[in-house]
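Chain by chain, the residues:
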Amino acid sequence: MKVITGNRLSDGAVVYLSGNDQWATRLTDAAFFDKADANSVLGAVQIREAEIAEAYLIEVGDGGVLAGREALRETIRKTGPTVRSDLGRKQEFKQ
Amino acid sequence: MYRYDEFDATLVKERVDQFRNQVERRLSGALTEEQFKPLRLMNGLYLQLHAYMLRVAIPYGSLSSKQMRKLAHIARNYDKGYGHFTTRQNLQFNWPALVDVPDILDELAEVEMHAIQTSGNCIRNVTSDQYGGAAADEVADPRPYGEMIRQWSTFHPEFSFLPRKFKIAITASDNDRAAVRVHDIGLRLHKNDVGKVGFEVIVGGGLGRTPYVGHTIRSFLPEENLLSYLEAVLRVYNLSGRRDNKYKARIKILLNAEGPEEFARLVEAEWAQIKDNGIDLLRAEISRIQNYFAPPPFEKLAVESVEMNEQRAVDGDFDRWLRVNTVAHKISGYAIVNVSLKAIGGIPGDITDAQMEAVADIAERYSHDEIRATHEQNLVLPHVKKGDLYIVYKRLKAACLDTANIGLVSDIIACPGLDYCALANTRSIPIAQRISERFANLGLQEELGELKIKISGCINACGHHHVGHIGILGVDKKGEEFYQVTLGGSGGADASIGEIAGRGLSSNEVVDAVEKLVAFYRHAKIPNERFLDTYRRIGAEPFKEALYAAA
Ligand code: SF4
């Protein structure tokens, strides 16, 4: 399965395309696409220039777990620098 | 210190206004990311993994207290309370919002700072020996030359679209503190037989995918010809450097394709043409710039400070800090203080807003308002009276900036790596932290002596791994982090590129590997021999054996 991710234009924050076609800050809110659909949806969001700086596809496995070659990179994007427990999304998840 | 003239101030102001307008158009969607990206990069604004990153230039590494306070202010109000000093004497903010960047640039302009020449295929900010105007061993102050190069290269129309980025570094002593042999152009200040000041010009060094130690193409260039000669080198490169392949576009590739002699001949021929075209500054202008860097009003002091010696006798930690972190000053009774940004287990080069303010306060009161950034990701207070060293030490200690490890095993250079960088293969910082913790004992570190570990998270080599006595390069192996160890590199006067030791190691193995190498060195060294010298004396093989021996 694929998820569409990007960096929000205004502040660069990591975002994921959600089911209601909005940008969500949590991977758990992301919409999953199969390969065939993913590319056409990506094409459609990439032209929403005023929302995101960059959008691309990432791979997720069952239950939305980050998978594939870029899993570590995407995990770090999802949660913030591994060397700063106080920064990134770790805080939000603790609540 | 150099102050902006009206021309500079207008230039920077216009650039900020222009960028503010571009950001507005980008936010409205009028500019696409594709159109905007080159514009933001020209203003030092990158997009990294979690956010934008703004790279602020610190030309030749010189900062005033006021400028440092401004960086603290930006870190606190627009970022997440810290900044990161890089191997290019820049400061990076890791979390600025695009909407705030024009305001940040305005704030920087208030203290004559900017983010120009921190990105793109132009002549980047010149880097320098950090002890300019202070070191006992300096031939001449390198900063006026840095400033001349800054003025000449900023927005130079002919060189704003080079085949690739272009880095110039200057060192002011035989003891190379600016890694001049691994830059596109390295300049070493020295005096010729009749005592005239000039430069050894070294071209075609560089790290990255194809590392090279540079070649000396001119052993003595009179100081007054600096700019015309640089222009000749740049012209040869701009004309003949490859533009078809990004990885073959640096001057090092051209120089090695032509051969150093032929390259030198081309430069000399070009120089003969342009030498008298008025590129070089007139003597009066050189003196004017040198006057900006006139020494501060030093006091007449005894060589030794009784007070300092009393304190070092009773405070062992202070004594060690003096031995390890201070350097001889050219003026009697003064010392150069290195401020380590490598706390044990900390993030190399990171500094909090409060620490920036502490350094600014100390510099204002005890170092003639001067601060320097080093390419090894530390800071320097260049002019401290020996009698003030104890209070300076105490105040640094209160700010957790007293780690006595300059040049030692835990003074590790590490690039941001996969914790921040969009280009990274692997993380660098956690490896640095774990090595630093493994060798936490400062007494042991001092006993080990100079040992330079440098870590890069990808082949771009921002962490200078090729010139580490022990270099560590992150490589991606099917999505897993692996690390390749290189041995025997040096970025100093005895520059060399490290050799690959063998198969890649996992992140756990690599920390053990460093420990094994160090243990072997302790066993193999002769008294007072540095790690690098032992390696050079006995060769790679025994080190490799020690590294890969079954546990
Ligand atoms: S060496 Fe690679 S990973 Fe490290 S900062 Fe440079 S580009 Fe990023």
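Everything quoted here is computed from the prediction, not taken from an experiment. (Residues numbered from 1 in each chain as written. Chains lettered and ligands numbered in written order. Predicted model: local features only at pLDDT ≥ 70, side-chain atom pairs only at ≥ 80, totals over all residues. Heavy atoms only, no water.)

### Digging into the sheet that holds strand β3 (residues 62–64) of chain B
All names here are of chain B.
Link 1 in the chain: As summarised here, the arrangement of the five strands in space is β3-β14-β15-β12-β11, forming an open sheet in which the pairing is antiparallel. Looking at the sheet topology across the chains shown, the edges are occupied by β3 and β11 (326–328). Within the sheet, the average angular offset between the axes of one strand and its neighbour, ignoring direction, is 30 degrees.
Link 2 in the chain: The sheet contact formed by β3 and strand β14 (residues 370–373) spans three bridges and is antiparallel. Directly across from Leu63, in β14, lies its bridge partner Ile371. (Pairing = 2+ DSSP bridges. Helix = DSSP H or I, 4+ residues; strand = E, 2+ residues; numbered from the N terminus. Axes fitted to C-alpha atoms, helices over the stretch in contact; angles between N-to-C directions.)

### Here we look at the site of the ligand
Link 1 in the chain: Neighbouring the ligand are the residues Cys415, Pro416, Gly417, Cys421, Leu423, Ala424, Ser456, Gly457, Cys458, Asn460, Ala461 and Cys462 of chain B.
Link 2 in the chain: Across the shell around the ligand, the residue classes break down as eight nonpolar, four polar and no charged. (Near = heavy atom within 4 Å. Nonpolar A, V, L, I, M, F, W, Y, C, P; charged D, E, K, R; others polar.)

### Observations concerning the packing of aromatic side chains
Residue and element names in this part refer to chain B.
Link 1 in the chain: Following the criterion strictly, the structure yields 16 aromatic pairs over all chains and no others.
Link 2 in the chain: On the basis of an interplanar angle of 70 degrees and a centroid distance of 5.9 Å, the ring pair of Tyr60 and Phe293 is categorised as edge-to-face. One end of the pair, Tyr60, is in the loop between β2 (52–56) and β3; the other, Phe293, is in the loop between α9 (283–292) and α10 (306–314), with 233 residues separating them in the sequence.
Link 3 in the chain: Of the aromatic side chains, those joined through ring pairs into one cluster are Phe520, Tyr521, Phe531, Tyr535 and Phe543.
Link 4 in the chain: It is Lys80 that lies over the ring of Trp95; its NZ or CZ is 4.9 Å from the centre.
Link 5 in the chain: Across from the ring centre of Phe482, 4.1 Å away, lies the NZ or CZ of Lys477, which sits over that ring. (Phe/Tyr/Trp six-rings, centres within 6.5 Å; stacked < 30°, edge-to-face > 60°. Lys NZ or Arg CZ within 6 Å of the ring centre and 35° of its normal.)

### A few points about the pairing of strand β15 (residues 379–385) of chain B
All names here are of chain B.
Link 1 in the chain: Here β15 lies mainly inside the structure; six of its seven residues are buried.
Link 2 in the chain: With five bridges connecting them, strand β12 (residues 334–339) and β15 associate as antiparallel partners. Considered in β15, the bridge of Asn338 is made with Val380.
Link 3 in the chain: Note: β14 against β15, two bridges, orientation antiparallel. Across the sheet, the residue bridging to Ala373 is Leu379, located in β15.
Link 4 in the chain: Linking β14 back to β15 in an antiparallel pair, the connection comprises five residues, with Gln377 at a positive phi of about 65 degrees. (Buried < 20%, exposed > 50% of the residue type's maximum accessible area, 1.4 Å probe, protein only.)

### Describing the pattern of salt bridges
Residue and element names in this part refer to chain B.
Link 1 in the chain: Using the criterion set out here, one finds 61 salt bridges over all chains in the structure.
Link 2 in the chain: The residue Asp319 makes a salt bridge to Arg312 at a minimum N-O spacing of 2.6 Å.
Link 3 in the chain: By relative accessible area, which is 25% here, Arg312 ends up partly exposed.
Link 4 in the chain: Each member of the salt-bridge network shares a partner with another, and the members are Arg312, Asp317, Asp319, Arg320, Arg323 and Glu446. (Salt bridge = Lys/Arg side-chain N within 4 Å of Asp/Glu carboxyl O.)

### Here we look at the pairing of strand β8 (residues 185–191) of chain B
Residue and element names in this part refer to chain B.
Link 1 in the chain: Counting buried positions along β8 yields six of seven residues, so the element is predominantly enclosed.
Link 2 in the chain: In this structure, strand β7 (residues 168–171) lies alongside β8, joined through four bridges in parallel fashion. Residue pairing in the sheet places Ile168 in a bridge with Ile185 of β8.
Link 3 in the chain: Here seven bridges tie β8 to strand β9 (residues 197–203), and the two strands are oriented antiparallel to one another. Bridging across to β9, Gly186 finds its partner in Ile202.
Link 4 in the chain: Here β8 hands over to β9 after five residues, with Gly195 in that stretch at a positive phi of 85 degrees.

### Points about the domain arrangement of chain B
Residue and element names in this part refer to chain B.
Link 1 in the chain: You can read the domains of chain B as domain 1 (6–110), domain 2 (134–292), domain 3 (306–398) and domain 4 (413–548).
Link 2 in the chain: Carbon and sulfur atoms supply 57% of the area that domain 1 and domain 4 bury against each other, a total of about 750 Å² over both sides.
Link 3 in the chain: Counting across the domain 1 and domain 4 interface gives zero salt bridges.
Link 4 in the chain: In this structure, the connection of domain 1 to domain 4 is made through five residue pairs in polar contact (both at pLDDT 80 or more). (Domains from an automatic or database assignment. Buried area = accessible area lost by both parts, 1.4 Å probe. Polar contact = N/O pair within 3.5 Å; in protein donor to acceptor, adjacent residues only side chain to side chain.)

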